[in-house]
Amino acid sequence: MTIREQLEERELEYLSPYASFSRESRGRERPEQECDIRPVFQRDRDRILHCKAFRRMKQKTQVFLQPKSDHYRTRLTHTLEVSQNARTIAKALRLNEDLVEAIALGHDLGHTPFGHAGERALNSVYHFAHNEQSVRVVEYIERQGKGLNLTWEVRDGILNHKTAGTPHTLEGQVLRLSDKIAYINHDIDDAVRGGILTEEEIPKEIRNTLGDTGKRRLDTMVHDVIVHSMDRPEILMSEEVGQAMKELRKFMFYHVYLNPKAKGEEDKAVDLIHRLYEYYLTHLELLPEQFLHAIDLPGNCREQIVCDYIAGMTDNYAVKKYEEYFMPEAWSK
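As a starting point, this report considers the structure included with it. (Residues numbered from 1 in each chain as written. Predicted model: local features only at pLDDT ≥ 70, side-chain atom pairs only at ≥ 80, totals over all residues. Heavy atoms only, no water.)

Bringing the packing of aromatic side chains into the picture now. The full count for this structure, using the stated rule, is nine aromatic pairs. Between Tyr-280 and Tyr-309 the ring centres are 5.3 Å apart and the planes differ by 80°, which places this aromatic pair in the edge-to-face class. Taken together, the residues span a long stretch of sequence, with Tyr-280 in helix α14 (residues 266–282) and Tyr-309 in helix α16 (residues 302–311) at a distance of 29 residues. With respect to burial, Tyr-280 and Tyr-309 carry one shared label: buried. Between the aromatic rings of Tyr-322 and Phe-326, the centroid separation amounts to 5.0 Å while the plane-to-plane angle is 50°, which identifies the pairing as tilted. Placement of the pair is Tyr-322 and Phe-326 together in helix α17 (residues 315–326), with a separation of four residues, close to one helical turn. On the basis of relative accessible area, Phe-326 is assigned to the partly exposed category, the value being 23%. Above the plane of the ring of Trp-152 lies Arg-26, whose end atom (NZ or CZ) is 3.7 Å from the centre. (Phe/Tyr/Trp six-rings, centres within 6.5 Å; stacked < 30°, edge-to-face > 60°. Helix = DSSP H or I, 4+ residues; strand = E, 2+ residues; numbered from the N terminus. Buried < 20%, exposed > 50% of the residue type's maximum accessible area, 1.4 Å probe, protein only. Lys NZ or Arg CZ within 6 Å of the ring centre and 35° of its normal.)

Have a look at this one:
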């Protein structure tokens, strides 16, 4: 019996009957020989961790555009915090940690530069959603167009991590909640650091339910999910904590996500993305060879491929290409 087979046996003995078992995965679109050490979801996690799109997230905006402090979250640090929350919940519920971690590490691979401002910019010129783009990254873009060939369960969790999604595994459901828990709490921390918000401005009734510090809120939400999902075929929060989290999310949208002080530069970022998009549409020859070849593949079009290329850019690289195409050379020195 290989090490992988031993690990699969342990899953059957230890995990919840509602967990996703590696041995019972729906598999990959392209069949592969099994690893003798790692179960399928662990292999998927490793593939995501080592792909280029994962590394680029360190220079992609979470909420604050080009912050001066090194302590604000980036898309990469957000991803790691989501993963930590999801693994804590999955371990307590005896779900498959490898699967939940793979989904967590891959859920934002398709995010644009400049955060949701970049996403809105691309969606205004061609249909674009970062969860769908994350699936495109792992299926068609990584490894020079070959994709990572991930299992169905991981791709399903990535696709359905947004609020409107319906993950088909409990691990995917854990990730969907963990994403919200992470960004609500760390965005408050960043907003306080940036002088956008104070803890005292959060409505008292929300603080009474969830806690009056980031640590206490995080602890409340994670515990609530675990307690109300234990030995059940779905991932739940209590009505009280779930409603308080929704109210806190609404509060954050009004006071932070739509706050001119925090988002005042977003119009410039949107204009930058729009101009790059139009420029590449009329100068396709500037795209890397991989993207040029992809235009003629079934289901693709020039607009989609230009979106693929721009979405993969880091903030810094997008600014660099904008300066290269639109700024007089003497001004950029």
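Between its terminal C-alpha atoms α17 stretches 16 Å, which fits the 16 Å expected from 12 residues at 1.5 Å a residue. When α17 is considered as a whole, its buried residues turn out to be Asp-315, Ala-318, Lys-321, Tyr-322 and Tyr-325. The arc enclosing the buried residues of α17, seen along the axis, measures out at 130°, which places them on a common side. If you follow the buried residues of α17, they end up packed against α14. (Expected span 1.5 Å × (residues − 1). Arc of directions from axis to C-beta. Contact = heavy atoms within 4.5 Å.)

Let us look at the environment of Lys-58. Position of Lys-58 relative to the elements: it lies in the loop between α3 (52–56) and α4 (75–92). The class for Lys-58 is partly exposed, based on a relative accessible area of 49%. Contacts of Lys-58, omitting those with residues within four sequence positions, involve Thr-74 and Leu-76.

Below, the discussion takes up unusual backbone geometry. Positive phi, close to 65°, is recorded for Phe-114, a residue that is not glycine. Within the secondary structure, Phe-114 sits in the loop between α5 (97–106) and α6 (115–125). The phi torsion at Gln-144 lies on the positive side, around 55°, for a residue other than glycine. With respect to the secondary-structure elements, Gln-144 resides in the loop between α7 (130–141) and α8 (152–159). Assessed through its relative accessible area of 54%, Gln-144 is described here as exposed.

Moving on, we get to α8. In terms of residue burial, α8 counts as a mostly covered element, since six of its eight residues are buried. Among all positions of α8, only Glu-153, Val-154, Arg-155, Asp-156, Gly-157 and Ile-158 are buried. Elements that come into contact with the buried residues of α8 comprise α2 (40–49), α5, α7 and α9 (170–193).

It is worth spelling out the packing of α6 against α14 at this point. Following both chains from N to C, one finds α6 and α14 inclined at 45°, their axes separated by 9 Å at the closest point. Judged by the inter-axis angle, α6 sits oblique to α14. Where α6 crosses over α14, the handedness of that crossing is right-handed. Counted together, Ala-117, Gly-118, Arg-120, Ala-121, Leu-122, Ser-124 and Val-125 of α6 and Glu-266, Val-270, Ile-273, His-274 and Tyr-277 of α14 form the full contact between these two elements. Split by residue class, the contact of α6 with α14 holds seven nonpolar, three polar and two charged. (Axes fitted to C-alpha atoms, helices over the stretch in contact; angles between N-to-C directions. Parallel < 35°, antiparallel > 145°, perpendicular 65-115°, else oblique. Left-handed = near helix turned anticlockwise from the far one by under 90°. Nonpolar A, V, L, I, M, F, W, Y, C, P; charged D, E, K, R; others polar.)

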